[in-house]
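Geometric and topological summary
Each chain, letter by letter, is given below.
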Amino acid sequence: MASDRGIWIDLDNTPHVPFFRPIIRELETRGERVSVTAREAFQVCELADLLGVRYQKVGHHYGKNRFLKIWGLLWRSLQLLPFVLRERPTLALSHGSRSQILLCNILRIPTVMIMDYEHAQTPLFLKPRWEIVPEVIKNERLQCDNKARILTYPGIKEDVYAYGFEPDELLPAQLGLDLDNIIVTVRPPASEAHYHNAESDVFFVAFMSRICGEENIQIILLPRNKKQETHYREQFPAWFECGTVIIPEQAVDGLNLLWHSDLVVSGGGTMNREAAALGVPVYSIFRGPIGLLDRELQRQNRLILIENLDEVRDKILLRKHRHIERPELCSPISEVVGHIERIRSQELRLQGKPYLCRTGS
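Description of the structure in this document. No experiment lies behind these values; they were computed from the predicted model shown.

How each quantity is defined
- Residues numbered from 1 in each chain as written.
- Predicted model: local features only at pLDDT ≥ 70, side-chain atom pairs only at ≥ 80, totals over all residues.
- Heavy atoms only, no water.
- Helix = DSSP H or I, 4+ residues; strand = E, 2+ residues; numbered from the N terminus.
- Rg over C-alpha atoms; globule rule 2.2 N^0.38 Å.
- Buried < 20%, exposed > 50% of the residue type's maximum accessible area, 1.4 Å probe, protein only.
- Contact = heavy atoms within 4.5 Å.
- Areas by Shrake-Rupley, 256 points an atom, 1.4 Å probe, with all protein chains shown as cover.
- Salt bridge = Lys/Arg side-chain N within 4 Å of Asp/Glu carboxyl O.
- Arc of directions from axis to C-beta.
- Core = buried A, V, L, I, M, F, W, Y, C linked by side-chain atoms within 4.5 Å.
- Pairing = 2+ DSSP bridges.
- Axes fitted to C-alpha atoms, helices over the stretch in contact; angles between N-to-C directions.
- Phe/Tyr/Trp six-rings, centres within 6.5 Å; stacked < 30°, edge-to-face > 60°.
- Lys NZ or Arg CZ within 6 Å of the ring centre and 35° of its normal.

Moving on: the overall build of the protein chain. Per the secondary structure count, the protein chain includes 14 helices and 13 strands. Compactness check: the protein chain gives a C-alpha radius of gyration of 21 Å against a globular reference of 21 Å for 361 residues, within 12% of the reference. Based on the C-alpha atoms only, the size of the protein chain along its principal axes is roughly 65 × 45 × 40 Å. Residue burial in the protein chain is summarised as follows: out of 361 residues, 55% are buried. For the protein chain, restricting intrachain contacts to residue pairs at least 6 apart in sequence, the fraction spanning at least 24 positions comes to 64%. Per element, the accessible surface of the protein chain, about 16900 Å² overall, is 50% carbon and sulfur.

Written out as structure tokens, the structure reads:
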């Protein structure tokens, strides 16, 4: 077993839960001690419960207001302090948890940020010590100033957990889906994110208005939180009167939902790439700065970027999709976990502490 206090993972957004679940399992298999915190935001805790990820809940989301965001960042960092003093981790790992990075930078705990979007905005005091990124963006301007501490892995982060995926054939019945219909999964834009572009909202409304009421179509709408759901129900009641729109009452395994969908239209990033990993037709209505990963998926014809309102009408094809065979997936989890262990080993050596693990590092 490792001789120190281990690795701390902070989950502060929904996609982090399925991504880190196999990483946690692999780290523990290798003899590592892993502790997990989670922020109450965007169904993070609900999804962690669904997927069996053990965590301590700390803090919540503070909405779109810039000043409340800053306050929430500072306050959650303070809320995390008792956990850190108790657990005394030797390495902090996240997919961009600003509260974790801020606190660890103050306490001089080494941080590792796994990220896949080169346009993310990170102030100086929120920069991680290490970064792990997909190979396709390794030459971009990233958050870590020391290029020697930027490590890479092949493929996309969604490959980490899409590998080994097994469909749940009970899910369609649980959601009331008729698989003879065209099943469309729709994810609205992240209206509270700093990278939000209002044009994404225009595309989203246009697409929903286009398909609501269409025959032989069922729509799985996945609002990002209750506030967003309430907004759509109040502003667009006709969508819900047509009887074709379904909002799941609780968190749903995203990969299973996408597998049973005929197409996906999303204003975010993770769901688009999950669909691409599973070979499901996917259309991106994200209108912020387009990342290199999405450009590469577009080049491979695995993702279609929607760039104007005419394309919302003409380019998004409403038709049945059949999986001819499971796509060949290759998980980069060994590379990612190997990087994490090597980073921790190096940091412990710098601190003059031993590092012992069953499988080495």
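So that's the structure; there's more coming.
Turning our attention to the pattern of salt bridges. Enumeration over the complete set of coordinates arrives at 22 salt bridges. A salt bridge links Arg54 to Glu28, with the shortest nitrogen-to-oxygen separation between them at 3.8 Å. Placement of the pair is Arg54 in the loop between helix 2 (44–51) and strand 3 (56–60) and Glu28 in helix 1 (residues 16–29), with a sequence separation of 26 residues. Overall, Arg54 belongs to the exposed group, its relative accessible area being 68%.

Okay, helix 8 (residues 226–235) next. Listing the buried residues of helix 8 in full gives Gln228, Glu229 and Tyr232. With its buried residues spanning 100° around the axis, helix 8 presents them on a single face. Turned more than 90 degrees away from the buried face of helix 8 sit Lys226, Lys227 and Glu234, all of them exposed. Tucked into the core, helix 8 has its buried residues touching helix 7 (198–211) and helix 9 (237–241).

In this section: the nonpolar core. One recurring pattern in soluble globular proteins is that nonpolar side chains are buried together. Ile9, Leu11, Phe20, Ile23 and Ile340 are the most contacted members of the largest nonpolar core, which totals 64 residues. Counting residues per element, this core draws most heavily on helix 1, which supplies six residues. Grouped together as the second largest cluster of nonpolar side chains are 24 residues, Ile182, Val186, Phe203 and Ile211 included.

Next up on the list: the sheet that holds strand 10 (residues 245–246). Ordered by their spatial adjacency, six strands build an open sheet running 10-9-8-11-12-13, and the pairing between neighbours is parallel. Each edge of the open sheet is held by one strand with a lone partner, namely strand 10 and strand 13 (304–305). Where strand 9 (residues 217–221) lies against strand 10, two bridges are found, and the strand directions are parallel. Bridge pairing in strand 10 places Ile219 opposite Val245. Along the sheet, helix 11 (residues 270–278) contacts strand 8 (182–187), strand 11 (263–266) and strand 12 (282–284); its crossing angle with strand 12, the most-contacted strand, is approximately 155°.

Moving on to the packing of aromatic side chains. Inspection of every chain in the model, using the stated rule, returns eleven aromatic pairs. A ring pair is formed by Phe19 and Phe20, whose centres lie 4.9 Å apart and whose planes are at 70°; its orientation type is edge-to-face. Seen from their ring centres, Phe236 and Trp239 are 4.2 Å apart, and the 5° between their planes marks the pair as stacked. Relative accessible area serves as the criterion here: at 4%, Trp239 is assigned to the buried category. Connected via pairs of aromatic rings, a cluster forms that spans Phe204, Tyr232, Phe236, Trp239 and Phe240. Geometry around Phe240 places Arg233 over its ring, the cationic atom sitting 4.6 Å from the centre.

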